[in-house]
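# Topology and contacts: notes
Residue strings, one per chain:
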Amino acid sequence: PNNTLTRAEMATIFCRMFNVKPLTIQPCFNDVTSADWYYGNVMALVEIGVLKEDTLFNPNALVSQEQFVAMLYRMLDNMGYVNEKAEFDFNRYVDINSVSSYAKDAYAYLFANNYAGYYTVGAEIIENDYLDMADDEYRLNPGAPVSRSDCAARLDEFTTSFIRKNAPAVKKKTAPNVE
């Protein structure tokens with residue numbers, strides 16, 4: 001659980017989590033071939049816009065917190081749930097300026113729509129005085145790698161908050177009778 005995830009592993013997790021079928025299309029990365037175990041998953045995520053075409057994919061590089069956030073945001077966008085740009089006040093986060101430009105909208109959208117709290121996107125709180133929150137420091141740690149347990153916890157929380165926000169309630173009259 002404490003091992004960090006590679007980009008190839010994250011692509012596979014996203015495909016399985018969101019039921020994206022692997023594709024056998026022409027690779028767009030110089031370091032991804034049709035013989036690679038992750039090839040179909042990477043190409044499927046490129047096709048739907050979760051991963052962006054580039055010269056290299058770097059499949060064995062570790063996934064950073066901001067890459068994870070950007071992928072989740074793009075998956076929501078692909079599913080039709082991103083309707084407009086969101087705003088979120090990150091003034092309490094001392095490292096907000098170290099977030100890459102490609103991930104800023106993703107962080108804002110996930111935070112503003114309660115799809116992610118500070119504890120679900122690799123952030124931490126440094127408490128200076130446990131009775132006084134005014135001087136606490138919040139950090140996003142955008143460049144930190146994502147561990148397997150972090151990924152599982154975040155996707156579980158995302159799924160829970162997504163369902164709470166988007167699933168229709170079942171009325172008592174129409175609920176199935178389970179005896």
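Look up: the structure comes first, before these words.
The paragraphs below set out a description of the structure included in this document.

Time to look at the overall build of the protein chain. Each helix and strand in the protein chain was counted, giving 5 helices and 2 strands. Here the protein chain holds 179 residues, and the buried ones make up 40% of them. Counting only contacts in the protein chain whose residues sit at least 6 apart along the sequence, the fraction spanning at least 24 positions is 70%.

Right, let's talk about the layout of surface pockets for a bit. With a probe scaled to a water molecule rolled over the atoms, the places where space remains empty come into view. Taken as a whole, the largest pocket holds about 230 Å³ of empty space. Arg7, Leu51, Lys52, Gln67 and Arg74 are the residues nearest the centre of the largest pocket, which is lined by 13 residues in total. Per element, the largest residue contribution to the lining of the largest pocket is 4 residues, and it comes from helix α3 (residues 65–78). Broken down by class, the residue content of the lining of the largest pocket amounts to 7 nonpolar, 1 polar and 5 charged.

So, about the environment of Thr24. By the secondary structure assignment, Thr24 is in the loop between α1 (7–17) and α2 (39–47). Note: C-alpha distance between Thr24 and Tyr39 (15 residues apart in sequence) is 7.8 Å.

Turning next to the packing of α1 against helix α5 (residues 148–166). Closest axis-to-axis distance for the α1/α5 pair is 12 Å, and the angle between their directions is 25°. As judged from the angle between their axes, α1 and α5 are roughly parallel. Classified by chirality, the crossing of α5 by α1 is right-handed. Contact with α1, carried on its side by Glu9, Met10, Ile13 and Met17, involves Arg148, Cys151, Leu155 and Thr159 of α5 and no other residues of that element.

The buried count for α2 comes to 8 of 9 residues, which makes it a mostly enclosed element. Check the buried side of α2 and you find it contacts α1 and α3. With its phi angle positive at about 90°, Gly49 sits one or two positions after the end of α2.

This part takes up the pattern of salt bridges. Per the stated rule, a full pass over the model turns up 3 salt bridges. A salt bridge links Lys85 to Asp105; the nearest nitrogen and oxygen atoms lie 3.6 Å apart. Placement of Lys85 in the loop between α3 and α4 (101–112) and of Asp105 in helix α4 is noted, with a sequence separation of 20 residues between them. By relative accessible area, which is 34% here, Asp105 ends up partly exposed. For the salt bridge of Arg154 with Asp150, the shortest nitrogen-to-oxygen distance reads 3.5 Å.

Within the structure shown, the criterion is met by 18 aromatic pairs. Between Phe14 and Phe18, the ring centres sit 5.5 Å apart and the planes meet at 40°, which makes this aromatic pair tilted. Summarising the burial analysis for this pair, Phe14 and Phe18 share the class buried. Centre to centre, the rings of Phe14 and Phe68 are 5.9 Å apart; their planes meet at 80°, and the pair counts as edge-to-face. Of this pair, Phe14 sits in helix α1 while Phe68 sits in helix α3, placing them 54 residues apart in sequence. The residues Phe14 and Phe68 share a single accessibility class, namely buried. Taken together, the aromatic side chains of Phe14, Phe18, Phe68, Tyr73, Tyr81, Tyr109, Tyr115, Phe158 and Phe162 make up a single cluster linked through ring pairs. Above the ring of Phe57, the side-chain terminus of Arg7 is found at 4.6 Å from the ring centroid. Across from the ring centre of Phe68, 5.0 Å away, lies the NZ or CZ of Arg154, which sits over that ring.

Rules of the game
- Residues numbered from 1 in each chain as written.
- Predicted model: local features only at pLDDT ≥ 70, side-chain atom pairs only at ≥ 80, totals over all residues.
- Heavy atoms only, no water.
- Helix = DSSP H or I, 4+ residues; strand = E, 2+ residues; numbered from the N terminus.
- Buried < 20%, exposed > 50% of the residue type's maximum accessible area, 1.4 Å probe, protein only.
- Contact = heavy atoms within 4.5 Å.
- 1 Å grid on protein atoms, 1.4 Å probe; cavity = no way out; pocket = protein on both sides within 12 Å on 5 of 7 lines; lining within 4 Å.
- Points joined across faces, edges and corners; volume = space filled by probe spheres on them.
- Nonpolar A, V, L, I, M, F, W, Y, C, P; charged D, E, K, R; others polar.
- Axes fitted to C-alpha atoms, helices over the stretch in contact; angles between N-to-C directions.
- Parallel < 35°, antiparallel > 145°, perpendicular 65-115°, else oblique.
- Left-handed = near helix turned anticlockwise from the far one by under 90°.
- Salt bridge = Lys/Arg side-chain N within 4 Å of Asp/Glu carboxyl O.
- Phe/Tyr/Trp six-rings, centres within 6.5 Å; stacked < 30°, edge-to-face > 60°.
- Lys NZ or Arg CZ within 6 Å of the ring centre and 35° of its normal.

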